[in-house]
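Secondary and tertiary structure notes
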Amino acid sequence: MPMTRYTNLDTVLNHVWDELETAAESPGHAYRNLTFGTVHEQVPDLRMVVLRQASEEDRQLKFHTDRRTRKVEALRENDRVAWHGWDADTREQIRLYGTASVHLDDEVAMDLWEHQSPESLAVYVRPSAPGTVLDEPDDGLRSAVKAEPVMEDDVAQGRQYFAAIRTEIARIEWLHLHPDGHYRARFEYQPTTQSFEGSWVVP
């Protein structure tokens, strides 16, 4: 089946957001696990995170993390962030830029917590913070959350370490490595029109 080649900027923009919204609900999607970049003490820092919610209407991507991690500390110092994703099947790359906010005990955090499965929240039931030095390999989890299946009561004590990260996207870079020729689009959010303005750029 021939690979789709896009020729309309609005179609590309809608396509990117459609894929992100689908990925937030589909564990097997190429954009479900994305690279998330921050700056900590003037040094770039990258890690993989699981995309949990995406909204084209709000220009938002969300994920959750342990509030004791270095990424939370970094975001409190500098809210500028970047995302990166690659779909090997369609040969598309996305890069998204914007700002992030940390949510601990507000409605944003509670909403994200309540919409997660107990299995995805089990990682927060650990007394030691991520990055703590150990004498031997270990995940640091309590024995209660290692049993199958994991129940809501088992992960409740991890709520104190849970944080929701909400990012607002201001620029999108999309690259398609198409067999008929590579091409690229850029979208910049315009506050005056409250919409993205797109342009084709050299790959």
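Look up: the structure comes first, before these words.
Structural notes, computed from the coordinates.

About the thresholds
- Residues numbered from 1 in each chain as written.
- Predicted model: local features only at pLDDT ≥ 70, side-chain atom pairs only at ≥ 80, totals over all residues.
- Heavy atoms only, no water.
- Salt bridge = Lys/Arg side-chain N within 4 Å of Asp/Glu carboxyl O.
- Helix = DSSP H or I, 4+ residues; strand = E, 2+ residues; numbered from the N terminus.
- Buried < 20%, exposed > 50% of the residue type's maximum accessible area, 1.4 Å probe, protein only.
- Polar contact = N/O pair within 3.5 Å; in protein donor to acceptor, adjacent residues only side chain to side chain.
- Contact = heavy atoms within 4.5 Å.
- Core = buried A, V, L, I, M, F, W, Y, C linked by side-chain atoms within 4.5 Å.
- Phe/Tyr/Trp six-rings, centres within 6.5 Å; stacked < 30°, edge-to-face > 60°.
- Lys NZ or Arg CZ within 6 Å of the ring centre and 35° of its normal.
- Expected span 1.5 Å × (residues − 1).

The next point concerns the pattern of salt bridges. Tallied over the full model, the rule gives 10 salt bridges. The partner of Arg 171 in a salt bridge is Glu 188, and the shortest N-O contact between them spans 3.9 Å. In this pair, Arg 171 sits in strand E7 (residues 162-176) while Glu 188 sits in strand E8 (residues 183-190), placing the two residues 17 residues apart along the sequence. Accessibility expressed as a relative area gives 25% for Arg 171, which makes it partly exposed. In this structure, the salt-bridge partner of Glu 173 is Arg 184, at a minimum N-O distance of 3.0 Å. You can see Glu 173 sitting in strand E7 and its partner Arg 184 sitting in strand E8, a full 11 residues away along the chain. The same class applies to Glu 173 and to Arg 184, which are both buried.

Another aspect to go through is the side chain of His 103. The topology assignment puts His 103 in strand E6 (residues 92-103). Within the local environment of His 103, its side chain forms a polar contact with the side chain of Ser 101, the two groups lying 2.8 Å apart. Sequence-distant contacts of His 103, defined by excluding residues within four places in its chain, comprise Val 108, Ala 109, Ala 163, Ala 164 and Arg 166.

This part takes up the nonpolar core. Generally speaking, nonpolar side chains in soluble globular proteins are found buried as a group. Counting residues in each nonpolar core, the largest one holds 33 residues, and the members touching the most others are Leu 20, Leu 51, Trp 83 and Ile 172. Where this core is concerned, the elements lending two or more residues are helix H1 (9-23), strand E1 (33-40), strand E4 (60-66), helix H2 (70-77), strand E5 (80-87), E6, E7 and E8. Ranked by the residues each element gives to this core, the list is headed by H1, at 7 residues. Among residues more than four places away in sequence, those in contact with Trp 83 are Leu 34, Thr 35, Phe 36, Val 49, Leu 51, Leu 61, Phe 63, Ile 94, Arg 95, Leu 96, Thr 167 and Ile 169. The next biggest cluster of nonpolar side chains, apart from the first, holds 11 residues, and it includes Ala 109, Leu 112, Trp 113 and Tyr 124.

The relation between two aromatic rings is expressed through the spacing of the ring centres and the mutual angle of the planes. Inspection of every chain in the model, using the stated rule, returns 9 aromatic pairs. Over the face of the ring belonging to Tyr 183 we find Arg 5, whose NZ or CZ atom lies 4.3 Å from the ring centre. Here the guanidinium or amino end of Arg 171 rests over the ring plane of Tyr 97, the centre of that ring lying 4.0 Å away.

Within the secondary structure layout, Pro 137 lies in the loop between helix H4 (118-121) and helix H5 (152-155). Accessibility expressed as a relative area gives 82% for Pro 137, which makes it exposed. Taking C-alpha positions, Pro 137 is 33 Å from Thr 167, a pair spaced 30 residues apart along the chain.

Glancing now at H1. A rise of 1.5 Å per residue sets the reference length of H1, with its 15 residues, at 21 Å; its end C-alpha atoms lie 21 Å apart and thus fit the reference within 8%. With a side-chain oxygen lying 3.0 Å from the backbone nitrogen of Asp 10, the N-terminal cap of H1 falls on Asn 8.

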